[in-house]
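Residue strings, one per chain:
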Amino acid sequence: MGASFPFLQPVSTPLPERAGQRAVRARWLWPAALLAFVLFWQFAKPVAKWAFVYPSAWELPAARWIGRATKWLQDEATFGLFTFTDLTRFVAAVIDLPYRAVLSLLSTGLLSGQGSSAVQQLPPLSWLAVLAIVALIGHHAGGLRLAALVTACFGFLVLFGQWTSAMVTLASIVVAVPIGVVVGLVLGLAAFRWPPFERALVPVLDLMQTIPVFAYLVPVLVFFGFGPTAAIVATLIYALPPMARVTILALRSVPSEIRDLGNMVGCSRRQMTWRVMIPSAKDSLMVGVNQVIMLSLNMVIIASMIGAGGLGFDVLAALRRLDIGAGLEAGLAIVALAVALDRLSQAYAEKAGQPAALAPSGTGLVARHPYLVAALAVVIVTFLAGLAVPAAQVFPEGWQVSTGAFWSEVVRWINVNFFDALEAIRNAILLNLLVPLKRLLGGLPWSGVVLMLALAGYRLGGLRLATLVGVLALLIAVTGQWEKATITVYLCGVSVVFAALIGIPLGILAAERERLWRWLQLVIDTLQTLPSFVYLMPVVMLFRVGDFTAMIAVVAYAVAPAIRYTVLGLQRVDPRVVEAGRAMGCTRLQILTKIKLKLALPEIMLGLNQTIMFALSMLVITALVGTRDLGQEVYIALTKADTGRGLIAGLSVAFIAIIADRLISAGARRIRERVS
Amino acid sequence: MASDQPKLVCRGIWKIFGAGGKGLLAPDGGRPSGADLRAAGAVGAVRDVNIEVHAGEIFVIMGLSGSGKSTLVRCLSRLIEPTAGDILFNGENLLAASEARMIEIRRHSMGMVFQHFALLPHLTVIGNVAFPLEIQGIDRARREERARRMIELVGLAGKEHVFPRELSGGQQQRVGIARSLAVEPELWFLDEPFSALDPLIRREMQDEFLRLQSVLKKTIVFITHDFDEAIRLADRIAIMKDGEIVQAGTPEDLVLSPATPYVAEFTRSVARAKVVKVASLMRGLDGAAPKISISDRAAVAEAAPLFANGADTLAVTDGEGRAVGLLDRAAVVDVMMRG
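As the structure is a prediction and not an experimental result, all values here were calculated from the model.

### Looking at the overall build of chain B
Thought 1: Counting its regular elements, chain B contains 14 helices and 13 strands.
Thought 2: For chain B, whose C-alpha radius of gyration is 22 Å, the value lies close to the compact-globule estimate of 20 Å for 339 residues.
Thought 3: Structurally, chain B occupies a C-alpha span of about 65 × 60 × 35 Å along its principal axes.
Thought 4: When each of the 339 residues of chain B is scored for burial, the buried share is 41%.
Thought 5: Counting contacts in chain B only where the partners sit at least 6 residues apart, residues at least 24 apart contribute 65% of the total.

The structure is reproduced here in structure tokens:
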């Protein structure tokens, strides 16, 4: 079966002289193209102004089209039996019902009556009850240690006065996660079974993951209104794609022998899916569940922009007041929730993978369901205790702790003592680097840039890549987003360069020092789980709003993948090759530069790719601190509920992400082919 | 090999992967060469295979990796749809069977053992063995009762509630064997069942397999890439190369008269005395038979020790113990000297 890749063969055996010619041409292609580009840029402006600034007369009114389409969907679209609005109402109802049930259990209690005149018939679960139940779940999933950890996480919520908000957030997560998992699973299954469906689904998933979240907040807002239901819909859109992907991957990686077995024992299609494929893929599927949980938590703050309430709202409000203490505590509360839910789901994933202990053979209710019975007992006891002692129902305010004042004081102190130094740094970088670069990029002719990108695409990946890259870049210009896009690219570019300059050397250092790497990992993990908004705050307080602040925040967020992939790449270098180098008498530096870095280059490039993706997603968020890029455009559209404007700007960000991703992946692939 | 109608008959089985498929078979009078297919961008994984497997025999298909043996066995059970040909199982053409009928046949008449065991990780040993019965909708008590018997048969009693990953490779394959036998199949496919095991365990499992077969008397199609394994187990062997069967016959046939240099390459290192049967060396009876006798189905190597006490001739007996011929010392020595 050696001939199963016949298309590979002609490539590997080109005629020698033609290869020579091609190499000569390749050597001259880039300098020539660059020269042409520079000449065009310097001298063509008087002649062809249209090639520099995209004429507004040529712009496609795409935003207006989308706006009109939205309106049509809302007012007229119908599927015969029901209208589009009916559909969104139905979805809203499906989400709303369980949400309300969980919310009343965790937060509001059982209410009768509407709005502010509602009367509480039954109190919600008290903090003691939730704490005890969480501990029980922890014990069930992973024993005493896990129980202690999750109790501590929830205890943090109680102690720091985040309880009420945290329960609102938890309620939306508890509803969003199962829906996300089930829908993702069904989509993944469908894609696995029908390849045409997969071909349609994968690009949609790609887009869902690259469009900045803000962009689809707008249509969600338009179709679902403002409130927790809309927030859950947005969360689902964000958290669903990885589940679908993991499902496809997990099903595909089930060994073909297992599938043969299913057929040999005569499974029907349904038996094949539910008795053979899904149970065999369970371990990997649990990874998807964990992803859904973590991404739902990532969305907590952003979702609060369209009415999620809870911790996200607290962070957002603190950010607007520049109250770093309150913001940090609410942010840490999200982290505490994230840690608890992450560890719980991981413990269950591990448990699913391991042989279960034999079920106790007792027959009584207590013997068969000890955890359930214990939880019920806890609920009843705490309910009664709550009636007698109010502190058992609601944690008294007097017992709460807050470090908010301390953090505000720290920042104030830094500002008082180091204001001049900070200001000098900020101004130096702003004036010498950021502003000139912004001008330079803004002055480049869009037509030339589109052509150069297409050329890069052609050199790296052939005609298909060139077309993709060229068309996407052109679309940004055609929809009138070019100017804002250059600001996005410039901010993103500068941040990525800084992140790489910090991250790659750190990665090189950490790759050979086990202890340093362990510490660094802790820092990276924290940076990544901390909601991105949280570190906007101290930066804003130190450097005020503007591009520099945005840059610092983006670098802090995007440095993680640069470090991680560098370390991974270096550690994955074949030790035998390093040994061979040492045997040849290489110095340590030579081993690093001539062997390790060369072999790790594809991985490092992938890390760079990830850095760019991280930077772009953070950049949109920094619109809150007053950048003037596409992110700001999306944010403004959100406040005006202007679907067209938001989607167009959001898609432009996605296009930038896709262009960068495809070009870098193609480059990494070429290097990897050369290396191995 | 006693029954008149073979259990399983394959006529002109083709499996072509890649472009064209069936279309490629027509122009060349139905027999394009491997090179023809490659030129057309296709791969002939199985090419014009004709075999007959008789009730109660162990039919071994031996070939190196890429020879198409795994594809062939999957064609026989229609896990892979053959491009052309007929497969008759008890006279019924499987390729004409509906999907429902095929499910029916697989549920009740076929069992398969896989190279990498293909145990379901979320089920215990008994859960795995009972799985085919569960799929048929048999109630829990009955299927577990049957599964327990199978687990005992393969020597794993006491391990019923253990999960597959806690077992060694040999034990896992015993579970695989028990599972494939749980439906009491007429036709038993074993796809390189022992290839993933250590050599010592492999030997042990081969003995175990022969023991089981002496009890069960199934009709077996056994795939292997190991010629020694084939010689040890087979009633008949088919050697595959590049999707075709190069030679099919008893181990003795292959060793004594290899059809091609390729087959000879395999048989060269095989000790003939272990393969050649007494029947093919004996001469006719003349006068009274000697006292010491040996079965005509025994290998020559088994006869050798019987000459140790100075006898020159042994009596050869058939299955019923009647003397049918004589075996000379010289003939045995001759075979053994040739290696």
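### What to know about the overall build of chain A
Thought 1: Scanning chain A from terminus to terminus reveals 28 helices and two strands.
Thought 2: The C-alpha extent of chain A, read off along each of the three principal axes, is 90 × 70 × 70 Å.
Thought 3: Put simply, of all contacts in chain A between residues at least 6 apart along the chain, 78% involve residues at least 24 apart.

### Some thoughts on unusual backbone geometry
All names here are of chain B.
Thought 1: The phi torsion at Asp 48 lies on the positive side, around 50°, for a residue other than glycine.
Thought 2: Here Asp 48 shows up in strand S2 (residues 42-53).
Thought 3: At Phe 117, a residue that is not glycine, the phi angle is positive and equals roughly 75°.
Thought 4: By the element assignment, Phe 117 lies in the loop between strand S6 (110-113) and helix H5 (125-135).
Thought 5: A count of 25 C-beta atoms within 10 Å places Phe 117 in the buried class.

### A short note on the UniProt feature "domain: ABC transmembrane type-1" (unreviewed entry) in chain A
Thought 1: When the UniProt feature table is mapped onto this chain numbering, "domain: ABC transmembrane type-1" (unreviewed entry) sits at residues 162-345 and 485-664 of chain A.
Thought 2: End C-alpha atoms of residues 162-345 of chain A are separated by 23 Å, and the span's content is 87% helix alongside 0% strand.

### What to know about the packing of helix H21 (residues 482-511) of chain A against helix H27 (residues 630-640) of chain A
Residue and element names in this part refer to chain A.
Thought 1: Close contact between H21 and H27 brings their axes to 7 Å; oriented N to C, the two are set at 120°. Relative to H27, the element H21 lies oblique. The residues of H27 that touch H21, namely those facing Lys 484, Ala 485 and Thr 488, are Leu 630, Gly 631 and Glu 633.
Thought 2: Along the lines of polarity and charge, the residues of the contact of H21 with H27 split into two nonpolar, two polar and two charged.

### Quick look at the environment of Ile179(A)
All names here are of chain A.
Thought 1: Locating Ile 179 in the fold gives a position in helix H6 (residues 163-193).
Thought 2: Here the alpha-carbon distance between Ile 179 and Leu 344, two residues 165 residues apart in the chain, equals 18 Å.
Thought 3: Residues in contact with Ile 179, not counting those within four places in the same chain, are Ile 95 and Leu 236.

### Some points on the confidence of the model for chain A
All names here are of chain A.
Thought 1: Here chain A averages 82 in pLDDT, while 93% of its residues score no lower than 70.
Thought 2: The model gives residues 1-17 a pLDDT under 50, and that stretch makes seven contacts with residues more than four places away or in other chains.
Thought 3: In this model, residues 357-361 is a region of pLDDT below 50 whose contacts with residues beyond four sequence positions or in other chains number two contacts.

### Quick notes on the nonpolar core
Residues and elements named next belong to chain A.
Thought 1: Core analysis: the largest hydrophobic core is formed by 290 residues, its most contacted members being Leu 217, Ala 234 and Ala 615.
Thought 2: A total of 17 residues in this core trace back to one element, the largest contributor, which is helix H24 (residues 547-571).
Thought 3: If sequence neighbours within four positions are ignored, Ala 615 has contacts with Cys 492, Ser 495, Val 496, Ala 499, Val 554 and Ala 558.

### Re the interface of chain A and chain B
Thought 1: Each side of the interface is counted separately: chain A has 23 residues, and chain B has 25 residues.
Thought 2: Elements that contribute at least two residues to the side of chain A that touches chain B include exactly helix H10 (256-264) and helix H11 (269-280) of chain A.
Thought 3: The greatest single-element share of the side of chain A that touches chain B, amounting to six residues, is contributed by H10(A).
Thought 4: By residue class, the composition of the side of chain A that touches chain B is 13 nonpolar, six polar and four charged.

### What about helix H12 (residues 282-298) of chain A?
An α-helical turn contains 3.6 residues, so a residue and the one three or four places further along point in the same direction.
Residue and element names in this part refer to chain A.
Thought 1: Between its first and last C-alpha, H12 extends 24 Å over 17 residues, near the 24 Å set by a 1.5 Å rise per residue.
Thought 2: Burial runs high along H12: 12 of the 17 residues are buried.
Thought 3: Those residues of H12 lying buried are Leu 285, Met 286, Gly 288, Val 289, Asn 290, Gln 291, Val 292, Ile 293, Leu 295, Ser 296, Leu 297 and Asn 298.

### Thoughts on the domain arrangement of chain B
It is common to report an interface's size as the accessible area lost on association of the parts.
All names here are of chain B.
Thought 1: Along its sequence, chain B is organised into domain 1 (55-77 + 98-272) and domain 2 (274-337).
Thought 2: Taking only C-alpha atoms, the centre of domain 1 and the centre of domain 2 are 34 Å apart.
Thought 3: Contacts between domain 1 and domain 2 engage eight residues on the former and six residues on the latter.
Thought 4: Top element by residues in the side of domain 1 that touches domain 2 is helix H10 (residues 251-256). It accounts for four residues.
Thought 5: Its residues assigned to classes, the side of domain 1 that touches domain 2 shows six nonpolar, no polar and two charged.

### Considering the domain arrangement of chain A
All names here are of chain A.
Thought 1: Segmenting chain A into domains produces domain 1 (49-69 + 410-675) and domain 2 (180-344).
Thought 2: Between the C-alpha centres of domain 1 and domain 2 there is a distance of 24 Å.
Thought 3: At the junction of the two partners, domain 1 supplies 31 residues and domain 2 supplies 24 residues.
Thought 4: Mapped by element, the contributors of at least two residues to the side of domain 1 that touches domain 2 are helix H23 (536-543), helix H26 (588-621), H27 and helix H28 (643-675).

### Remarks on helix H7 (residues 169-181) of chain B
Residues and elements named next belong to chain B.
Thought 1: Helix length check: H7, at 13 residues, gives a terminal C-alpha distance of 18 Å against a target of 18 Å (1.5 Å per residue), a fit within 8%.
Thought 2: Across the 13 residues that make up H7, a large majority, 10, are buried.
Thought 3: Along H7, the residues classified as buried are Gln 172, Gln 173, Arg 174, Val 175, Gly 176, Ile 177, Ala 178, Arg 179, Ser 180 and Leu 181.
Thought 4: Where H7 is buried, its residues contact S6, H5, helix H6 (140-153), strand S7 (187-191) and helix H8 (199-216).

### Some points on the sheet that holds strand S4 (residues 84-89) of chain B
Residue and element names in this part refer to chain B.
Thought 1: Pairing is antiparallel across the open sheet formed by four strands, whose spatial order is S2-S1-S4-S5. Since the sheet does not close on itself, it has two edges, and those belong to S2 and strand S5 (92-93), each with one partner.
Thought 2: As paired strands, strand S1 (residues 8-18) and S4 are joined by five bridges and run antiparallel to one another. For Trp 14, the partnering residue across the bridge sits in S4 and is Ala 84.

### Some points on the sheet that holds strand S3 (residues 58-63) of chain B
Residue and element names in this part refer to chain B.
Thought 1: The sheet built from six strands is open, its strands ordered S6-S7-S8-S3-S9-S10 with mixed pairing. Looking at strand neighbours, the two that pair on one side only are S6 and strand S10 (244-249), the edges of this open sheet. Geometrically, the sheet is characterised by an average inter-axis angle of 15° between neighbouring strands, direction not taken into account.
Thought 2: Here S3 pairs with strand S8 (residues 219-224) via five bridges, running parallel. When the sheet's bridge partners are listed, Met 62 is paired in S8 with Thr 224.

### Here we look at the packing of helix H7 (residues 195-210) of chain A against helix H9 (residues 228-252) of chain A
All names here are of chain A.
Thought 1: It is the contact of H7 with H9, at a shortest axis distance of 9 Å, that shows an interaxial angle of 140°. It follows from the interaxial angle that H7 and H9 lie oblique. At the point where H7 passes H9, the crossing takes the left-handed sense. Residues Glu 198, Leu 201, Leu 205, Met 208 and Gln 209 of H7 pack against Ile 237, Pro 241, Ala 244, Arg 245 and Ile 248 of H9.
Thought 2: For the contact of H7 with H9, a count of residues per class yields seven nonpolar, one polar and two charged.

### Observations regarding the pairing of S8(B)
Residues and elements named next belong to chain B.
Thought 1: Burial within S8 is extensive, with six of its six residues counted as buried.
Thought 2: Side chains Thr 219, Val 221 and Ile 223 project from S8 onto one buried face, and the interleaved Ile 220, Phe 222 and Thr 224 project onto a second face that is buried too.
Thought 3: Bridge count for S7 against S8 is five bridges, and the pairing is parallel. Counterpart to Asp 191 in the pairing with S8 is Ile 223.
Thought 4: With H8 bridging S7 and its parallel neighbour S8, the resulting β-α-β unit is right-handed.

### Some thoughts on the environment of Ala562(A)
All names here are of chain A.
Thought 1: On the secondary structure map, Ala 562 appears in helix H24.
Thought 2: Taking the number of C-beta atoms within 10 Å as the measure of exposure, Ala 562 has 29 and is therefore buried.
Thought 3: Linking Ala 562 and Ala 583, residues 21 residues apart in sequence, is a C-alpha distance of 31 Å.
Thought 4: Among all residues touching Ala 562, those that are not within four sequence positions of it are Ala 499, Ala 500, Gly 503, Ile 504, Gly 507, Gly 607, Leu 608 and Thr 611.

Here is what the cut-offs are and how they apply
- Residues numbered from 1 in each chain as written.
- Chains lettered and ligands numbered in written order.
- Predicted model: local features only at pLDDT ≥ 70, side-chain atom pairs only at ≥ 80, totals over all residues.
- Helix = DSSP H or I, 4+ residues; strand = E, 2+ residues; numbered from the N terminus.
- Rg over C-alpha atoms; globule rule 2.2 N^0.38 Å.
- Buried ≥ 20, exposed ≤ 12 C-beta atoms within 10 Å, placed from the backbone.
- Contact = placed C-beta atoms within 7 Å.
- UniProt positions renumbered as here; feature names shortened; annotations may be inferred.
- Axes fitted to C-alpha atoms, helices over the stretch in contact; angles between N-to-C directions.
- Parallel < 35°, antiparallel > 145°, perpendicular 65-115°, else oblique.
- Nonpolar A, V, L, I, M, F, W, Y, C, P; charged D, E, K, R; others polar.
- pLDDT = per-residue confidence, 0-100.
- Core = buried A, V, L, I, M, F, W, Y, C linked by C-beta atoms within 7 Å.
- Expected span 1.5 Å × (residues − 1).
- Domains from an automatic or database assignment.
- Pairing = 2+ DSSP bridges.
- Left-handed = near helix turned anticlockwise from the far one by under 90°.
- Right-handed = clockwise from strand over helix to strand, strands pointing away.

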